[in-house]
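Survey of secondary and tertiary structure
Spelled out, the chains give:
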Amino acid sequence: MKTETITQTILTADEGKYLTDGETYGKTVVLPEGADTSEWKEVTEDELPKEEEQV
Amino acid sequence: MSEFSMTIPSGTTRTFPTAGKYCDKDISITATGGNYDKGVTDGIEAGKQAAYDAFWDSLQQNGNRVSYQSAFGSGWNDENFKPKYDLKPNNANTMFEYSEIVDLKGALERAGVTLDFSGVTNNRLVQMFQGSLIQNVGIVDVTGCAGLASPLGYLFMGGSRLVNIEKWVMTDDGTQKFNETNTFQGCTRLEEIRLEGLLGCSLSFKDCAVLSNASVQSIIDHLKDLTGATAQTLTLHATVGTNLSEEQKAAITAKNWTLVY
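Here, residues in each chain are numbered from 1, in the same order as that chain's written sequence. A letter from A marks each chain and a number from 1 marks each ligand, given out in the order of writing. Reporting in this predicted model follows two pLDDT cut-offs: at least 70 for local features of residues, and 80 or more for side-chain atom pairs to be given and counted; totals over whole chains, interfaces and linings ignore these cut-offs and use all residues. Hydrogens and water are ignored here; the side-chain numbers use all heavy atoms of the structure.

**Topic: the sheet that holds strand S4 (residues 164-169) of chain B**
All names here are of chain B. What the three strands build is an open sheet, ordered S3-S4-S5; its pairing is parallel. With partners counted over all chains shown, the strands left at the sheet margins are strand S3 (136-141) and strand S5 (192-196), one partner each. Averaged over all neighbouring strand pairs, the angle between strand axes comes to 10 degrees, with direction disregarded. By the convention used here, strands pair only if DSSP detects at least 2 bridges between them. Runs of E in the DSSP output that reach at least two residues are strands. Runs of H or I that reach at least four are helices, and both are numbered from the N terminus. Relative to S4, S3 runs parallel, the two sharing five bridges. Across the sheet, the residue bridging to Val 140 is Trp 168, located in S4. As a rule, the C-alpha atoms of each element are fitted with a line to give its axis, helices using only the stretch in contact, and angles between N-to-C directions run from 0 to 180 degrees.

Following this line, the structure appears as structure tokens:
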């Protein structure tokens, strides 16, 4: 029998806000144990990174 | 006495109005048996084959063509896309951009040829399916673009009709770099994808709102274990991420990946 304990940090944006690290964004961020959470900031939709134009 | 000859299709009757001229009745001639019809049919089929061969021998340079940039765009569809030779491009930039082919995988199977992207070099796999009607793609092997300093970008970008990617093949060491945001940008109808090799860089499936759980499981199974290395990020559409099991989320973070949805 194998037993594993997985520790996660889950960041959830407040209503109407998103979490972004400057590259990607979402409502929920699930981080592995020990990950640096400081790079994730809560922003409004207007402040999200702009998507790249199609070539 | 004059003579004349003519060919009458088998089973048909020709009537020559002669009454009052040479005799009191019209002359009717009925042809029976013979191989005229078969000859016509065989000739037409041979002509079609000759035209097909001439066209595709030229287009595919007798099987030697390797640059297929923008080769099968607008105007190409499931009926007229019938390659004669296997396609093994070294340049597949915009190869099917704005193509009207729907079932690419099926069309290749019907033609009895293969499409092998593994020979493409220098990241020349930009926007292959941009704006096309293609729903069903077979194997997309990008291992030929391994080891390059710049990330491979725009691979499936703009493939808004893509539903099924049978297999996306990467190298086994997970060192290939793909552009995080534009690789699957616009793939809003993608349901099924299976990976082979290892994914070792951040990647976003944010636009893939109907990506199946089985597809996500394939992605999870092929995430490179980054324990002890710099964490990377897997981004999913909010709905897709919400439907992940706790085990799937744990499997992602156990490999030192960050999950965003």
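That was the structure; now back to the text.
**A few points about the packing of aromatic side chains**
Working definition: a ring pair exists when centres of Phe, Tyr or Trp rings (six-membered ring for Trp) sit within 6.5 Å. Plane angles under 30 degrees give stacked, over 60 give edge-to-face, the rest tilted. Under the definition given, this model contains 19 aromatic pairs over all chains. Taking the centre distance of 5.0 Å and the plane angle of 85 degrees together, the rings of Phe 72 of chain B and Trp 76 of chain B count as edge-to-face. With respect to burial, Phe 72 of chain B and Trp 76 of chain B carry one shared label: buried. On the basis of an interplanar angle of 65 degrees and a centroid distance of 4.9 Å, the ring pair of Trp 168 of chain B and Phe 178 of chain B is categorised as edge-to-face. One end of the pair, Trp 168 of chain B, is in strand S4; the other, Phe 178 of chain B, is in the loop between S4 and S5, with ten residues separating them in the sequence. As far as burial versus exposure is concerned, Trp 168 of chain B and Phe 178 of chain B are alike and both buried. Remark: a charge is flagged as sitting over a ring if the NZ atom of Lys or the CZ atom of Arg is within 6 Å of the ring centre and within 35 degrees of the ring normal. Positioned over the ring face of Tyr 18 of chain A is Lys 27 of chain A, at 4.4 Å from the centre of the ring. A 1.4 Å probe rolled over the protein chains alone gives each residue an accessible area, and that area as a share of the maximum for its type sets the label: buried under 20%, exposed over 50%, partly exposed in between.

**Description of the sheet that holds strand S3 (residues 25-26) of chain A**
Residue and element names in this part refer to chain A. Spatial ordering of the open sheet is given by S3-S2-S5, a layout of three strands whose pairing is antiparallel. The open sheet has two edge strands with one neighbour each: S3 and strand S5 (41-43). Where strand S2 (residues 18-20) meets S3, two bridges bridge the pair, whose relative direction is antiparallel. For Leu 19, the partnering residue across the bridge sits in S3 and is Gly 26.

By themselves, these are just geometric observations and shouldn't be taken as functional.
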